[in-house]
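Chain and residue survey
What follows is the residue order along each chain.
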Amino acid sequence: MKKIIALLMVVLLSACVKVGEFSPESHALYEKGNPDCEKTPERCIDGVPW
């Protein structure tokens, strides 16, 4: 039983190694949904993205 729990913990820790790293596609989708109002003012109303 201890071996199974230890193996499970190792697997869970290895799955969390690259937390916070996103692919370029994910960044592009985020930028599309949250435009930078200084760079693209046509996508904002009074400085607020719409």
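Residues numbered from 1 in each chain as written. Predicted model: local features only at pLDDT ≥ 70, side-chain atom pairs only at ≥ 80, totals over all residues. Heavy atoms only, no water.

Counting its secondary structure elements, the chain contains two helices and two strands. Seen in sequence order, the chain has helices and strands lined up from the N terminus as α-α-β-β. A total of 50 residues make up the chain; the buried ones form 6% of that total. Surface accessibility of the chain: about 5000 Å² in total, with carbon and sulfur atoms responsible for 67%. (Helix = DSSP H or I, 4+ residues; strand = E, 2+ residues; numbered from the N terminus. Buried < 20%, exposed > 50% of the residue type's maximum accessible area, 1.4 Å probe, protein only. Areas by Shrake-Rupley, 256 points an atom, 1.4 Å probe, with all protein chains shown as cover.)

So, about a nonpolar patch on the surface. Taken together, Met-1, Ile-4, Ile-5, Leu-8, Met-9 and Leu-12 make up a surface patch of nonpolar side chains, about 670 Å² in accessible area. Secondary-structure assignment places Met-1 in the segment before α1 (2-15). The exposure class assigned to Met-1 is exposed, which follows from its relative accessible area of 74%. (Patch = residues over 30% accessible without salt bridge, like charges linked within 9 Å, V, L, I, M, F, W, Y side chains within 5 Å. Salt bridge = Lys/Arg side-chain N within 4 Å of Asp/Glu carboxyl O.)

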